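Coordinates in review
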Amino acid sequence: MEREPIALGHGGGGRMTSDLIREVFLPALANPRLEALGDAARLDPVPGRLAMTTDAFVVSPQDFPGGDIGALAIFGTVNDLAVSGARPVAISAAFILEEGLARDDLERWVASMALAARRCSVEVVTGDTKVVPRGQGDRAYVVTTGLGAVQAGAPPGPEAIREGDEVLVSGPVGDHGAVIAALRNALDPGTLRSDCGPVWDLVEALLAAGATPRFLRDPTRGGLGTVLGEMAEASGLSVEVRDDALPVRPEVAGLCDLLGLDPIFLACEGRVVAVMPSEQAEEALRAWRRLPSGQEATRIGRVVQRAPAPIVRVTPYGGRRLCDVPAAEPLPRIC
Ligand code: MG
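About the thresholds
- Residues numbered from 1 in each chain as written.
- Predicted model: local features only at pLDDT ≥ 70, side-chain atom pairs only at ≥ 80, totals over all residues.
- Heavy atoms only, no water.
- Helix = DSSP H or I, 4+ residues; strand = E, 2+ residues; numbered from the N terminus.
- Rg over C-alpha atoms; globule rule 2.2 N^0.38 Å.
- Buried < 20%, exposed > 50% of the residue type's maximum accessible area, 1.4 Å probe, protein only.
- Areas by Shrake-Rupley, 256 points an atom, 1.4 Å probe, with all protein chains shown as cover.
- Lys, Arg positive; Asp, Glu negative; His and termini not counted.
- Charge placed at Lys NZ, Arg CZ, Asp CG, Glu CD.
- Salt bridge = Lys/Arg side-chain N within 4 Å of Asp/Glu carboxyl O.
- Contact = heavy atoms within 4.5 Å.
- Donors = N, O, S within 2.8 Å, 3.2 Å for Na, K, Ca; no water.
- Disulfide = S-S within 2.5 Å.
- Pairing = 2+ DSSP bridges.
- Axes fitted to C-alpha atoms, helices over the stretch in contact; angles between N-to-C directions.
- Phe/Tyr/Trp six-rings, centres within 6.5 Å; stacked < 30°, edge-to-face > 60°.
- Domains from an automatic or database assignment.
- Buried area = accessible area lost by both parts, 1.4 Å probe.
- Polar contact = N/O pair within 3.5 Å; in protein donor to acceptor, adjacent residues only side chain to side chain.

Examining the overall build of the protein
A tally of regular secondary structure across the protein gives nine helices and 13 strands. For the protein, the C-alpha radius of gyration of 21 Å lies close to 20 Å, the compact-globule estimate for 335 residues. The buried share of the protein, taken over its 335 residues, is 52%. Counting only carbon and sulfur atoms, one obtains 51% of the accessible surface of the protein, whose full area is about 14,800 Å². Between the centroid of the 33 positive side chains of the protein and the centroid of its 44 negative side chains there is a distance of 3 Å.

Below is the structure:
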């Protein structure tokens, strides 16, 4: 039997809202803090400093090969904590739903969110649901906030970057951006899947190996190139990248050729960029390659003296091309 779709009343705070919470959110996200249904979740103290991050997810389409808006919301939030050197502790999630959204879609995204949270050993402890009239939203937006416990050895930040440091990336770049670009252009992404996934294990492996990364970042919106540009600006140095060292899947390169995109600026949703003191680069790569998510980890370049542009790209023939960060993400609503 076709169930009633989401109606304005589901966001009204009355019985329809509590029914939706009991029917959809509680069964999937089951945990005592959420089930208390208080105005705020009360958490136990954690040792040390806390990290907090927030993100709005407006990805279009909401379902894509390799993930969906629910998984993306959890991994995106957990990954922002991870690259700050913080183990995830708790997550909040607010849903802005469009009137008429099918129950099945919502339930699928919430189930996917629950699965992603379990994979990251974190719970969604509080949330909110609002419904906007038909035509005033695009099916669903999700806003998540994450709280994390900062671990010993957390990276200081881009100011700590020094000339001669090496730049590593944990896997192929641009998979998520290429999948979304393909779908938005009515192209078949074939076997290509979004890399949408957690990166905490990659960060934890570096810290456990005693490595002291100067800077970590998950290259989401704006991709690897934007991260390189931002860290170059913040450190007052430049980054030299060897184009033939960039890990780009052939399918991603093909889609980029077709659509006029540059994989270096395409979003990843399950990768880490690490700037390491050069003497630790090899050890860091070994630590990453021992993990399933880090098997294709590689070094892509190094930090050099300030050049006339933040990024210097070295072509396979040894030519040098100055490269700046674009003013805006080439593809809106990528995450
Ligand atoms: Mg981030």
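Picking up where we left off.
Re the pattern of salt bridges
Taken as a whole, this structure holds 26 salt bridges when the rule is applied. In this structure, R249 engages D175 in a salt bridge whose closest nitrogen and oxygen atoms are separated by 2.7 Å. Of this pair, R249 sits in the loop between β9 (238–242) and α8 (250–259) while D175 sits in helix α5 (residues 175–184); the two residues are 74 residues apart in sequence, bridging distant segments of the chain. On the basis of relative accessibility, which here comes to 2%, the residue D175 falls in the buried class.

Digging into the environment of L187
Secondary-structure assignment places L187 in the loop between α5 and α6 (200–208). With 68 residues separating them along the chain, L187 and L255 place their C-alpha atoms 8.9 Å apart. If sequence neighbours within four positions are ignored, L187 has contacts with A182, L255, L258 and L259.

Let's talk about the coordination of the magnesium ion
Perfect tetrahedral coordination of a metal by four donors corresponds to 109.5 degrees between them, and perfect octahedral coordination by six donors corresponds to 90 or 180 degrees. Distances from the magnesium ion to its protein donors, D80 (OD) and D218 (OD), fall within 2.0 to 2.3 Å. Taken together, the positions of D80 in helix α3 (residues 69–82) and D218 in the loop between β8 (215–217) and α7 (223–235) put the pair 138 residues apart, joining distant regions of the chain. Owing to a relative accessible area of 22%, D80 belongs among the partly exposed residues under this scheme. What makes D218 buried here is its relative accessible area of 7%.

With respect to the state of the cysteines
Under the counting rule described, the total for this entry stands at zero disulfides. Here C256 is not cross-linked by a disulfide; its sulfur's nearest cysteine counterpart is in C268, at 11 Å. In this model C335 remains outside any disulfide bridge; the closest cysteine sulfur is found in C196, 10 Å from its own. Taking relative accessible area as the criterion, C335 reaches 15% and is therefore assigned buried.

Some details on the environment of G85
Its place among the elements puts G85 in the loop between α3 and β4 (86–98). Taking the C-alpha atoms as reference points, G85 and G148, separated by 63 residues in sequence, lie 8.7 Å from one another. What G85 contacts, discounting residues up to four positions off in sequence, is A149, V150, Q151, A154, P155, W200 and V203.

Some details on the sheet that holds strand β1 (residues 50–57)
Within a sheet, adjacent strands bond to each other through the backbone by hydrogen bonds, running parallel or antiparallel. Taken in spatial order, the four strands make up an open sheet running β1-β6-β4-β5, and their pairing is mixed. Two strands bound the open sheet, and with one partner strand each, they are β1 and β5 (123–132). Strand-to-strand twist of the sheet, defined as the mean angle between neighbouring strand axes without regard to direction, takes the value 15°. Examined bridge by bridge, β4 and β5 share nine bridges and lie parallel to one another. Its bridge partner lying in β5, L97 is registered against V131. Strands in contact with helix α4 (residues 103–119) are β4 and β6 (140–150); relative to β4, the strand with the most contacts, it is inclined by about 175°.

Looking at the sheet that holds β9
What the seven strands build is an open sheet, ordered β8-β10-β7-β11-β9-β12-β13; its pairing is mixed. Looking along the sheet, the strands with just one partner apiece sit at the ends: β8 and β13 (320–323). Looking at each pair of strands side by side, their axes are set apart by 25° on average, direction ignored. Contacting β7 (166–169), β10 (273–276) and β11 (298–304), helix α9 (residues 281–289) runs over the sheet at an angle of about 5° to β7.

Details of the packing of aromatic side chains
Scanning all chains against the criterion turns up one aromatic pair. With 4.8 Å between their ring centres and 50° between their planes, F25 and F95 make a pair best called tilted. Linking F25 in helix α1 (residues 15–29) with F95 in strand β4, this pair joins segments that are 70 residues apart in sequence. The exposure class of F25 is buried, given its relative accessible area of 7%.

Thoughts on the pairing of β11
The element β11 is extensively covered by neighbouring structure, given that five of its seven residues are classed as buried. One ladder, built from four bridges, connects β9 with β11; its direction is antiparallel. Bridging from a neighbouring strand, V239 pairs with V303 of β11.

Re the domain arrangement of the protein
Per the domain assignment, the segments of the protein are domain 1 (8–150) and domain 2 (158–323). Put simply, the middle of domain 1 and the middle of domain 2, counted by C-alpha atoms, are 28 Å apart. Every contact between the two is made by 21 residues of domain 1 and, on the other side, 21 residues of domain 2. Of all residues in domain 1, P65, N79 and V83 give up the largest surface area on contact with domain 2, accounting jointly for 32% of the area buried on that side. The tally of links from domain 1 across to domain 2 stands at zero salt bridges. For the pair domain 1 and domain 2, the interface holds five residue pairs in polar contact (both at pLDDT 80 or more). Breaking the side of domain 1 that touches domain 2 down by element, the ones donating at least two residues are β2 (63–64), α3 and β4.

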